[in-house]
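A look at the structure
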Amino acid sequence: MNSVTDNTERSQYELPVDGQIVFARYRRKDNVVAILHVEAPMALRGSGAAGRLMQGIVELARSRNEKLAPLCSYAAAWMRRHPESNDLLA
């Protein structure tokens, strides 16, 4: 089950973890979503929470027939480490 939600009002994907929010800010144009910034609260860094967020973003993009443009260095590195997501690269 994907717990990542798309908060369109704030232009960010969100994943609640232990009462905190891991998020990725984005800019959407047509069917391309540019990932601008991924951030986890300090207490969650190193826990894999940002990776779970990215996996959820990939699942959402695939279900919506969207492409991803990982402009954030974390998002770009994550997608390089997960070649199964290459079909989503814009």
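See the structure above.
These lines cover the structure that appears in this document, whether it is placed above or below.

Some thoughts on the overall build of the protein
Within the protein one finds two helices and five strands. Helices and strands in the protein line up, N terminus first, as β-β-β-β-α-β-α. Here the C-alpha atoms of the protein give a radius of gyration of 12 Å, agreeing with the 12 Å that 2.2 N^0.38 yields for 90 residues. Viewed in the frame of its principal axes, the protein has a C-alpha envelope of about 35 × 30 × 25 Å. Scored against the burial criterion, the 90 residues of the protein give a buried share of 43%. Within the protein, counting contacts between residues at least 6 apart in sequence, those at least 24 apart form 41% of the total.

Focus: the nonpolar core
Grouped burial of nonpolar side chains is what soluble globular proteins tend to show. Ranked by size, the top nonpolar core spans 26 residues in total, and within it Tyr-13, Val-22, Ile-35, Val-38, Leu-53, Ile-57 and Leu-68 carry the most contacts. Counting residues per element, the ones that place at least two in this core are strand S2 (12-17), strand S3 (20-29), strand S4 (32-39), helix H1 (49-63) and helix H2 (73-81). Per element, the largest residue contribution to this core is eight residues, and it comes from H1. Discounting chain neighbours no more than four positions away, the residues touching Val-22 are Tyr-13, Glu-14, Leu-15, Val-17, Glu-39, Ala-40, Pro-41, Leu-44, Ala-49, Ala-50 and Leu-53.

Concerning the side chain of Asp-6
Among the secondary structure elements, Asp-6 is positioned in strand S1 (residues 5-7). Owing to a relative accessible area of 19%, Asp-6 belongs among the buried residues under this scheme. Each residue touching Asp-6, except ones within four places of it in the same chain, is listed here: Gln-12, Tyr-13, Tyr-26, Arg-28 and Arg-64.

Points about the packing of H1 against H2
Running from N to C, H1 and H2 point in directions that differ by 75°, and their axes come no closer than 11 Å. Overall, the two elements H1 and H2 adopt an arrangement that is roughly perpendicular. From H1, Ala-50, Gly-51, Met-54, Gln-55 and Val-58 reach across to H2, where they touch Tyr-74, Ala-75, Trp-78 and Met-79. Looking at the contact of H1 with H2, its residues break down into seven nonpolar, two polar and no charged.

Points about H1
Its 15 residues give H1 an end-to-end C-alpha distance of 21 Å, which sits within 8% of 21 Å, the value for a rise of 1.5 Å per residue. Buried within H1 we find Ala-49, Ala-50, Gly-51, Leu-53, Met-54, Gly-56, Ile-57, Val-58, Leu-60 and Ala-61. Among the residues trailing H1, Asn-65 stands out with phi positive, at a value near 55°.

The rules behind the values
- Residues numbered from 1 in each chain as written.
- Predicted model: local features only at pLDDT ≥ 70, side-chain atom pairs only at ≥ 80, totals over all residues.
- Heavy atoms only, no water.
- Helix = DSSP H or I, 4+ residues; strand = E, 2+ residues; numbered from the N terminus.
- Rg over C-alpha atoms; globule rule 2.2 N^0.38 Å.
- Buried < 20%, exposed > 50% of the residue type's maximum accessible area, 1.4 Å probe, protein only.
- Contact = heavy atoms within 4.5 Å.
- Core = buried A, V, L, I, M, F, W, Y, C linked by side-chain atoms within 4.5 Å.
- Axes fitted to C-alpha atoms, helices over the stretch in contact; angles between N-to-C directions.
- Parallel < 35°, antiparallel > 145°, perpendicular 65-115°, else oblique.
- Nonpolar A, V, L, I, M, F, W, Y, C, P; charged D, E, K, R; others polar.
- Expected span 1.5 Å × (residues − 1).

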